[in-house]
Amino acid sequence: MPEGRGYQRLKSRTSLEEILEVATEFERTARDFYTELAPKVSKQIRYLVEELAEEEQRHYDLFSQLRMRADIVEQIKQSVETPASDRRFSDCIHLPELGDHPDDQAVLQYALGREHAAMEQYQSLAESTPGGPIRDLFAFLADEETQHKNELEKRYYEVVHSGGV
Amino acid sequence: MSFEWIMIPYSLLTLFIVINYGLLLTALMQKIGARVGRRHGIPIWQNYIDLLKNYSIRSSITHGVMFYLGPVFRLTGGVGLLLFVPTIFGSEMFSNLSFAGDLILALYFIFFGSLGMALGAGESGHPHSAIGVSRGLSQVTTSELPFALAVFAVALQYQTLSVNDIVAAQQGGVMNWTLFTNPLAVAAAMLSFLGSMMRPPFDVVLAPQEIPIGPPTEYHSSYLALMQTNRVIFPIAKMVVYMNLFFGGAASWPVFFLKIFLIYFFSLFIGVVFPRFRVEQSVRWFLIWAMPLGIAAILVV
Amino acid sequence: MADAEFGKADRSQYPHRRPDGSLDIDLTSGKYLKLWQGPNHPGITGNMSVELTVCGDEVVEGKTHVGYLHRGFEKLMERRTFIQCFPIVCRICVPEPDFNEYCYAAAVEELAGLEIPEKAKWIRALILEMGRINSYLMYLGGQAGAFGQGVIGQWTTYARDLMLDRFEELTGARIYHMFILPGGVRDDLPEGFDERMEQTLQEVERTLDDVYDTMFRNAVFKKRAVGLGYVDPALVDEYGITGPVARGAGVARDVRKDQPYLVYDQLDFEPVTGRESDVYARADVRRRDLLMSVDLIRQILSKMPHKGEVMATLPNVLHWKIPRGETYIRGECSRGEYGYYLVTDGSGYPRRVNVRGPSYTHAMALLEKLIVNVNISDVAGLMVSLHTYPPEIER
Amino acid sequence: MSVRDLLSPFIAWKHLFREPVSIRDPFNREASERYRGFHQNDVEKCIGCGTCEAICQNGAIDMVIVEGVEGIKTRPGDSGLRPRIDYGRCCWCALCVDVCMTSSLTMSNAYKWVENDPDKFRYIPGVDKKEWDNVKQGYHRPDGHRLNAPERIEMPELEPAERIDSFVEIVGGYSVEQARLEADRCVTCGICVATCPTHMPIPEYISAVRDGDYERGLKLLYDSNPFSQICGKVCTRRCETTCAASHEGDPIAIRWLKRHITEQVPYEKYRDIIGGPLPATGKKIAIIGAGPAGMTAAFDLARKGHEVSVYEARSHAGGMTRYGIPEYRLPFETIQREIDLIVSMGVEMHYDTRVGTDIQMQQLQQDNDAVLLAIGLWLGRGTRIPGADHPHVYKAIDLLRRIRDGEQLEAPKSMVVIGGGNVAMDIARSVARLQKQQQGEINVTLTALEDKAHFLADPVEIKESIEEEINIIDSRGPQECVSDDQGKLVGLRSWKVLSIFDDQHRFAPTYDESDEQLHPGEWIVEAIGQMSDVSLLGDALTEKLEWDRGRLQVDDDGHTSEPWLWAAGDCVKGPDIVSAVATGHSVATSIEAMFEQKEAQNA
Amino acid sequence: MKDDFEKLLDQQPEKEPEPQERPALRDIPVREELVPRTVTAPDGQEIRIDPLQDYYCQAGPTVQTPAYTRIIEDLFNWARAESLWILGFGTGCGAIEMRPLMTPRFDAYRYGIQWRPTPRQANLLVISGYLSVKTLKRAIRSYEQMQNPKYVVGLGSCTINGGMYWDSYNTIKRLDDYLPVDLYITGCMPRPEALLQGFDDLKKLIRAGKAEGANKYAENFERYKTNQKRVIKDWDMPDYSW
Amino acid sequence: MQTLISQLQTRFQLSEFILQRDNLAFVTVTREQLRPLLLHLRDKEGFTHLVLLTAVDWIEDNIFQLTYLLGDRTAGCDIGVRLMLPRDVASMDSIHDLWPTAATYQRELREMFGIDFPESPRVDEDFILEGWTDLPPYRRDFDTLKYSQESYVDRLGRETKDPAAYMKLKLYPDEDNDG
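In this text, all values refer to a predicted model and were calculated from it rather than measured experimentally.

(A) Fine view of the pairing of strand S13 (residues 415-418) of chain D. Residue and element names in this part refer to chain D. The alternating pattern of S13 places Met415 and Val417 on one face and Val416 and Ile418 on the opposite face, and all of these are buried. The pairing of S13 with strand S19 (residues 523-526) spans four bridges and is parallel. When the bridges of S19 are listed, Val416 appears paired with Ile524. When S13 meets strand S14 (residues 444-447), the two strands line up parallel, connected through four bridges. Bridge pairing links Val417 to Leu446 in S14.

(B) Highlighting the packing of helix H5 (residues 118-146) of chain C against helix H6 (residues 150-171) of chain C. Residue and element names in this part refer to chain C. H6 packs onto H5 with a crossing angle of 160° between their chain directions and a minimal axis gap of 8 Å. When the axes of H5 and H6 are compared, the pair comes out roughly antiparallel. Helix-helix and strand crossings are classified by hand; for H5 and H6 the assignment is left-handed. Here H5 contributes Leu126, Ile127, Met130, Gly131, Ile133, Asn134, Leu137, Met138, Leu140, Gly141 and Ala144 to the contact with H6, which in turn contributes Ile152, Gly153, Thr156, Ala159, Arg160, Met163, Leu164, Arg166, Phe167, Leu170 and Thr171. Tallied by class, residues from the contact of H5 with H6 come to 14 nonpolar, six polar and two charged.

(C) Focus on the environment of Gly80(D). All names here are of chain D. Residue position: Gly80 is located in the loop between strand S2 (61-65) and strand S3 (81-86). Taking relative accessible area as the criterion, Gly80 reaches 2% and is therefore assigned buried. Placed 467 residues apart in sequence, Gly80 and Trp547 show a C-alpha to C-alpha distance of 34 Å. Once residues within four sequence positions are removed from consideration, Gly80 is found in contact with Val64, Val66, Ile72, Lys73 and Thr74.

(D) Here's a closer look at the interface of chain A and chain D. On the chain D side, the residues contacting the 24 residues of chain A number 32 residues. A buried area of about 2500 Å², summed over both sides, lies between chain A and chain D, and 45% of it is on carbon and sulfur atoms. At the surface where chain A touches chain D, the tally comes to one salt bridge. Remark: the boundary between chain A and chain D carries four residue pairs in polar contact (both at pLDDT 80 or more).

(E) Focus on the interface of chain F and chain C. Counting from both sides, the interface comprises 56 residues of chain F and, opposite them, 53 residues of chain C. In total, about 4800 Å² of surface goes out of reach between chain F and chain C, with carbon and sulfur atoms giving 50% of it. It is Arg73(F), Arg122(F) and Tyr138(F) in chain F that bury the most area against chain C; as a group they hold 16% of the surface buried on that side. At the surface where chain F touches chain C, the tally comes to seven salt bridges. One salt bridge connects Glu110(C) with Arg21(F), and the closest N-O pair in it is separated by 2.7 Å. Scanning the region where chain F abuts chain C turns up 29 residue pairs in polar contact (both at pLDDT 80 or more). Among the secondary structure elements, those contributing two or more residues to the side of chain F that touches chain C are strand S1 (14-21), strand S2 (24-29), strand S3 (49-58), strand S4 (63-72), strand S5 (77-86), helix H3 (102-112) and helix H4 (144-151) of chain F. At nine residues, the largest contribution of residues to the side of chain F that touches chain C is made by S3(F).

(F) Representation of the pattern of salt bridges within the structure. With the rule as written, the count across this model stands at 126 salt bridges over all chains. Of the charged contacts in the structure, one is a salt bridge between Arg46(A) and Glu543(D), with a shortest N-O distance of 2.6 Å. A residue pair is termed interchain when its members come from two chains, as with Arg46(A) in helix H3 (residues 43-68) and Glu543(D) in helix H20 (residues 538-544). Among the residues examined, Glu543(D) registers a relative accessible area of 39% and is labelled partly exposed. Of the charged contacts, one joins Arg166(C) and Glu169(C) as a salt bridge, the two residues approaching to 2.6 Å between their closest N and O atoms. Taken as a pair, Arg166(C) and Glu169(C) lie in helix H6 at a separation of three residues, close to a single helical turn. For the pair Arg166(C) and Glu169(C), a shared accessibility class is recorded, and that class is buried. Three or more residues are tied together by salt bridges with common partners; here these are Arg163(D), Arg329(D), Asp426(D), Arg429(D), Arg433(D), Glu461(D), Lys463(D), Glu464(D), Glu467(D) and Glu468(D).

Thresholds, definitions, all that
- Just so you know, the residues in each chain are numbered from 1, in the order the chain's sequence is written.
- Working convention: letters from A go to chains and numbers from 1 go to ligands, in the order in which they are written.
- With pLDDT at 70 or above as the cut-off, local features in this predicted model cover only qualifying residues; side-chain atom pairs require 80 or more to be listed or tallied, and sums for whole chains, interfaces and linings still use all residues.
- The side-chain values count all of the structure's non-hydrogen atoms but skip hydrogen atoms and water molecules.
- Throughout this description, buried means an accessible area under 20% of the type-specific maximum (1.4 Å probe, protein chains only), exposed means over 50%, and partly exposed covers the range between.
- Helix numbers and strand numbers start at the N terminus; a helix is a DSSP run of H or I with at least 4 residues, a strand a run of E with at least 2.
- At least two bridges found by DSSP between two strands is the condition for calling them paired.
- All axes are obtained by fitting lines to C-alpha atoms, using only the stretch in contact for helices, and the reported angles, taken between N-to-C directions, cover 0 to 180 degrees.
- In what follows, roughly perpendicular refers to angles from 65 to 115 degrees, roughly parallel to angles under 35, roughly antiparallel to angles over 145, and oblique to any angle outside these ranges.
- With the far helix as reference, a near helix turned anticlockwise by less than a right angle produces a left-handed crossing, and one turned clockwise produces a right-handed crossing.
- Note on contacts: a residue pair is in contact if any heavy atoms of the two residues lie within 4.5 Å.
- Under the convention adopted here, Pro, Cys and the residues Ala, Val, Leu, Ile, Met, Phe, Trp and Tyr are nonpolar, Asp, Glu, Lys and Arg are charged, and Gly plus all remaining residues are polar.
- Put simply, buried area is how much 1.4 Å-probe accessible surface two parts lose in total, over both of them, once they are put together.
- Salt bridge, as used here: a side-chain nitrogen of Lys or Arg that lies within 4 Å of a carboxyl oxygen of Asp or Glu.
- Counting of polar contacts relies on pairs of N or O atoms within 3.5 Å, with two restrictions inside protein: one atom must be capable of donating a hydrogen and the other of accepting it, and residues adjacent in sequence are counted only when both atoms are side-chain atoms.

Below is the structure:
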């Protein structure tokens, strides 16, 4: 189970490189999850799941590229303390219970939860890292996830609070 | 006085000065009149422009030979009058072509212009011109009558028909002027002067409100310009005669300018504040008020 | 067929022989001269003309010709809604447009059953009196000018211009004020209007003093004006003469007093009359009437309520319909009785508007009567003394 | 004549030495403060309604297309046209300024304009730049000077005390005189027409009210909207939001005037005025759902002579108007009259027939030339906050349906409603009535994310709700449905909403978690949104159809990706009754066009 | 100027110019005194008189060339510009603002502007507002009696496109159809200040030698006459009155 | 006013009495009765002032209404005497011998409405119009706008759009925009 393994790894490793790896993994699993989910949901809401998968894929690509960047190769090796928010972040990696035919609201709620946890994780990592490119990196990641979460939130309200006469 | 050729350029110079003075003086009078009307009035050089403008009009039509000759006659009257009376007394240059009997000629010239005008305007065929002319002739006739009487009185008084001599007789102090020596004649002449200046109350000839400007109704472009030129020469010429006969003439240009201005101003002074008489009213007025004065002047002499 | 029937085919009677056959002028005899005064003639009040037949200096027959300013207002108004008529009526009489606005508005209000606010009435009266002053000032200049005394016109036009400034600040326009509209007036008086008005009135009074000295106490003016254009008081009703012309003949008729409208019943004044009924008397009546208007304006400004609405609530003017009816509204303008006859038919457009200006009778029938045996020089003075404005004749 | 008369005139000479009174520089003289000079137009404020053109007696004003100018675009409430003034016509009467609906048109006090070319005296104020554009002085409409009444004629209504304990209709309807006065306020600009989804000829029928020609009015109504009686009572009236009169006063009560027309014509005459169906064509159409969209299409198609069958899952037609709107707003009788009228055009009704269970889509497809899906939005959305699965947490739409179905509900002692839309108001007010009837007092709390200014509900609904003692608490974000130890629902816990929209005006609430409240309620009703129940399509068809962000993908005419299937109403474009009618019309037109096309091919 | 006129030409329907011998007289009978008549002189000679004939001039207008050198023409144009003599013909309501213009408040005399009571002496025709057909006839007569160069200023919106009388049966809408217009001043009424501005602009045009309306009129005489005769039904004036 | 009308009603056949204001009333009279009524009003009742004489075209009823408005200036009241004239035989007796000014009104009516007043002085001469060949312009069937457009050329380049139609076209370009 890829998700479980990632969770384990995050618990034991605290090197930055590892964290980034886990984050990448986090996005990848999400992408895979949505990709698998897509054919299962009603065609009516399939667009939503597909869009989520695409977005996660974009994040995955982004993080992968980050890890390759030459200027942070050195710093990335340093180890840091496991952040406090780790627990919630980890929780989200559990397999969600969406059932066989989740509706759009459920999918969005799940996605929101994930993004929120990731956001908090990176934020606290950034806070506990001394200034420099690493901190910038975490800040960047946190920001990236925040934006995504905000975007999802808006979409959530748009989907759910529609048709309200 | 013998005739000398040099007199011709000299008198032309006189003419030139008089034209310019006339243009400016007419404008000045208009400005003064405008001031009474609480406005600024035309620029002082406006008459030059108007004159130039009228000469520059490209087209003109004629109603016949007399129509064309009218202004020429009129101008001749004005120029002739000016040229045959001495402008500046005692000046070699500006005594013009005066001669012993010039007073007679002057009287003739004064009337000559009106006659020419009458012929020209009559030819123009416009009823307003015709009415204007008929009014003009009757008014001029009656208004010239006191003047003629006054001149007669003056001629009797000084026993000469030479303007030069009359002026000469008035030299040597203000009290020698005819104005004081024969006030009745001057009064008659000045009343007549009012009538000949085409200002209220005796402007019924032109009367824009009744017969739009009367005789010159049909005149335009260079014809009009010609008439305008005359309109500045003729009054001055006439005033020169008045000045010489009654106000002691002028021995220099400044005195000339001043006296002419004052004589001119006299007509304006009356004209601005009165409406105009109907033609038969003005005829009657001249006959009742001015004529007796003239006769009295002769009688007194 | 219509064309043939309405074309004026029969002109064989020209020159017209009057029913009594009194005058048969043979122009070819050479004894008479046909002389047109106008329309392009400075001695004519506005754009109209008088066809004079003169014998010597004397007019033997005069016919007025109008229509040079005809714009067909009465027709145009039939295809304009009630509010759309409002800007066009003032054009009917150029020098004193406000009367049209008032009469039209009052006629519409009466037929539509609109009650206008009290303050609007005061402002309307104020405007009408201001207009009267303007019109009289113009007349005085014209009357003196017709006799060749140009300087009066300079002064009065200046005073009139000051009054136009007051008009401008009150109504937003100089000539066509378009301020009195059905339902009230557009706006309240501007700030500080009273003081500026008082200054203007003083200037008008000063001008009038000068005018009195130079025009009314002028030997030549008297010579020309006294005795000219005598109107027999007996003619007043026969010829429908109103206003200063009638009052100059001693007939003290003034609509402001006889049938008070707006707030005239709350003002203190007496109609001005004269006795001699000639040009001089009429000029004098107008001069004194002008001074009375100055006084009326002072009264109005002091008695006017300071607060209050100036406009009644109108129905939506875009589709304002007025029930069938007809009425006649009159007022005393500077030239006499001005009236609007309005007929409505229940639609959004007037069925018929007939404008009855005083010039209609004064410049046509009356002038043609008075002009006979008058010297050509006096024609202008006579015409001016009837104080006619051609645009209101032909509309 | 005396000496005085000779000398007195010389007084005139006193002016000789006085300064002349001429204006020194007449070329730069300012006109007065109020002067009516050349026009100015605040083109951003202007809505291009053309009222200035209508009132101009000189025909001086043209409404012209303005392109490429920022801020001017054709959009609801703005025609995108702007007045162009011909100064070869204008007379400066300023009636255009007086009548301007937005006060955008004013006048400067500039007055000088000399041209050699007479064709240049035309310009679009505010667009074509002129030197007087920024002149402050000039004529502006004085305060209070109006040429049309700014205030709406009040609709007679039951007082709160009279209406709160019953479901009797609140609104009384205009009297003839009131309606005439209200209709009189309309300036006939027609800005509203394009906003009305079904493009009702609003100015025309309002003028019919003015003229008192109600039969003409009714014909105009039914030509564009077979739900005119219903729309006359409950239309969302978007037209009124764009009404030109709304810029400086109340919008015209277009809905009430429509209602007035339908009330003035005796019902018996309706059919004659509207006209009956054309001869039968033999074409068959099945319509799923007897709501406004379905019935509109049914009306149009039946009148064309087609054979129309309507399948309705419930026992009565009317859809959301029947089951979603409380009776105090829309009595059954009105709906029934409307339905009867439509049915009288020859529509075959199948009540209590649920497609998917009682009859299959495939069956309909086989039996008919065309099928129309007009199934509405019948699934209520929930917040899914913790505790929202409690049995006493309801969806508003379900409760409303139950109330209108005549179910005898036992009202709770207290209730919390989540949502700030009209449905929320409806349920709050309905339950309040039940409470009043059953318990004598009202205890309903309504919370919503939005602040009151941004409530989706009609302002009138909010006003009336408050009158009816509904406790409206705005800007509250629901967090949890709290139950006590016994599992009994006690209320809703909420946070204060700090802001609700982001800078792009998208929904993005932020909360102040310190400001927490518990709104007591035995029931919690969620009224935050609705969606369609498309399960009737079956998996195969669902898979086959194209979708667009959760909704059926249809073209402008309501045609789905399947050639035989159309969709209309709330399920494609909603929720809005008049949009439903509009889509019903366009579907009918599209189906008709398809028939014609087929005919042409066969021929 | 030239271009404007081209525009005008394009707009006119190409219509054959009507025959020259007083076409409108077909429908409208001429006044008795204007009908040609024969009179017997005292000596028994019979003289035929046609009152509509001007016995002095029977030529139409001709194009008048400017002075032979530029400098002289410039000088002339300057003089023409600084001496505007307006014909005192108040054709419409605009005339009311002329009076303040010529009196103390605005004192147009300051700017070389004067009134002339006769068209022969005027060189500027101010069409003060709307022209009824009846006045149009007189305005044309007046204009034609003025001498080249002469200028026309249209005052008020009515001269531009009909103004508020755009639907009147008795007023023309476009002055430039009937007379060559040099300038328009819009307004209803234009204020005296606007008039002064207009005259100022006219002066500039004249100084620039661009105010050649008289020549334009002569060049396009046929067309102007056609337009004039189309609206003036009672055409009892000669076509050649100069 | 009321009493006056009731008095008049005993002497003349009056119909349609309308009291518009306290001091303004309208009555309708037959053609034969008009002259006696006017004479009576002028000589006996003090309505010595002919305020106006004009016509109204009720084309729907094929009628011209002539209104003779008389004023009593001493009492400050007016009475409008209306007379209905068939539109197709529009001819009426002249009253210029009662009031000379009536001749002017009658000339105008002749020209503007085509109502003839034989015997009235100069009634056939041109009054306001000159060389008019069309229908008399004040008649309702004369369309001034049409005449104006046909006779006097408009300046080109004017065009306007109806906001409602334009919006529909712009916002719903696909829809059938015939309506």
